[in-house]
2 protein chains.
Amino acid sequence: MVLSKACTYGILASLYVAREASRSRGYVSIGRMSEELNISFHFLTKILQQLTSAGIITSMKGPKGGVALRRDPKEISLVDVIVAIDGMGLFTDCLLGLPGCGEEKPCPVHDDWADIRASLFQAFRDKSLADTALRIDELNLRFALPTGAKAARDNAVIGRGRPE
Amino acid sequence: MVLSKACTYGILASLYVAREASRSRGYVSIGRMSEELNISFHFLTKILQQLTSAGIITSMKGPKGGVALRRDPKEISLVDVIVAIDGMGLFTDCLLGLPGCGEEKPCPVHDDWADIRASLFQAFRDKSLADTALRIDELNLRFALPTGAKAARDNAVIGRGRPE
DNA sequence: ATTAATTAAGATAAAAGAGTCTTAAATCAA
DNA sequence: TTGATTTAAGACTCTTTTATCTTAATTAAT
Ligand code: SF4
Ligand code: SF4
């Protein structure tokens, strides 16, 4: 898997928060988010804690508490989120696991992999949470992870007006 | 990690076999290979068993036994090895883990990721074991995974004439 | 045939990743 | 202040991956 599960959850959650932030001010409840995204509450909490200590989100305890983006969603890239959870490995590691590799003594697949991982980095760096979340709304995309019957009911399409 | 450890070992081993095949005929001993590549013998054996059942290598028991490539190394691509061990997932899976994604309702990072994974596939498909192993010799590259003192001694540079 | 060498196969163990549960700490509202 | 709500933190469990160990099966050489 290219991104760890925790990392994809983190991205999804970040996008969710960015989306919520653009419509209603205040903190987004992790409980609610975990339900809508269909991600285990406690697991999601842990992931968000990583994002908190990475300075990407802030959190607040108590009623009306939750999490919120710390900076303008336009200024937060997907790379920021990925690095906060999975680290830079994806963009720096050697594909074949040979230590100490580099330009001097590159392994046989170096050139291709170096290009590809640079493209990956560039793509994620150029994609802000704001842009990405916006496109979700524009394209009326689904968002949450469907699992089971409940999921099929709940997550049909997110991005249209929801009750409440 | 993009490729599983087993998969990188499989690639390394395949290249090793391709390299040996080009100089001395016959089967390559897994025991010797595991020492030179610094990969656990039993683990490597299992990985090679996967390559065997995938039809990439043949094996032979007993003295003078070992493994050998089943086809011409020019006709075996890195994709073949990767798919045999890790499956097609890397080249088909959704980056964000959203099920049922595709061209119709693509997630926000679809276009970039689709391009990138296609490049990945192409790069690995166009790289044969023969080409890759050859380049290892040409560039006088190191090959094995160094670990610990013994490794530093043994694996200094492979690709030059070895004794015996 | 016997023996040694070597891969096959399966059981087991250790490590890492993913997920759950419990308790504590902070915050708001009454 | 009290109680309800919500995140923080850590212990714990489950699963997958990685690695090891043991036993069997096959082959070559004597
Ligand atoms: S592609 Fe570059 S970083 Fe990756 S193994 Fe080869 S030399 Fe190392
Ligand atoms: S990039 Fe394509 S395959 Fe990956 S999550 Fe988005 S829609 Fe799915």
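Check the entry above for the structure.
Residues numbered from 1 in each chain as written. Chains lettered and ligands numbered in written order. Predicted model: local features only at pLDDT ≥ 70, side-chain atom pairs only at ≥ 80, totals over all residues. Heavy atoms only, no water.

Caption draft 1: How the structure looks around the pairing of strand 1 (residues 57-60) of chain A. Bridge analysis of strand 1 of chain A against strand 2 (residues 66-69) of chain A gives 4 bridges, and the strand direction is antiparallel. Across the sheet, residue A:Ser59 finds its bridge partner in strand 2 of chain A, namely A:Val67. (Pairing = 2+ DSSP bridges. Helix = DSSP H or I, 4+ residues; strand = E, 2+ residues; numbered from the N terminus.)

Caption draft 2: Summary view of the protein's contact with DNA strand D. By nearness alone, 24 residues border DNA strand D, and A:Ile30, A:Ser59, B:Ser40, B:Phe43 and B:Pro63 come closest of all. When the atoms of DNA strand D within 4 Å of the protein are grouped by moiety, sugar and phosphate amount to 62% of the total. Within the backbone of B:Lys5, one N or O atom sits 3.0 Å away from a phosphate oxygen of DNA strand D. The separation between a base oxygen of DNA strand D and a polar side-chain atom of B:Lys46 is 2.8 Å. For the surface near DNA strand D, the secondary structure elements donating two or more residues are helix 2 (30-37), helix 3 (41-53) and strand 1 of chain A together with helix 1 (5-23) and helix 3 (41-53) of chain B. Residue composition of the surface near DNA strand D, by class: 9 nonpolar, 10 polar and 5 charged. (Near = heavy atom within 4 Å. Polar contact = N/O pair within 3.5 Å; in protein donor to acceptor, adjacent residues only side chain to side chain. Nonpolar A, V, L, I, M, F, W, Y, C, P; charged D, E, K, R; others polar.)

Caption draft 3: Highlighting the protein's contact with DNA strand C. In the region of DNA strand C, 25 residues are neighbours, and A:Ser40, A:Phe43, A:Lys46, B:Ile30 and B:Ser59 sit closest. Counting only atoms of DNA strand C within 4 Å of the protein, the sugar-phosphate share comes to 59%. For DNA strand C, a base nitrogen lies 3.2 Å from a polar atom in the side chain of A:His42. Contact between DNA strand C and B:Lys46: a base nitrogen at 3.1 Å from a side-chain N or O atom of the residue. At the level of elements, helix 1 (5-23) and helix 3 of chain A together with helix 2 (30-37), helix 3 and strand 1 (57-60) of chain B are the ones that each hand at least two residues to the surface near DNA strand C. At 4 residues, the largest contribution of residues to the surface near DNA strand C is made by helix 3 of chain B. By residue class, the composition of the surface near DNA strand C is 8 nonpolar, 12 polar and 5 charged.

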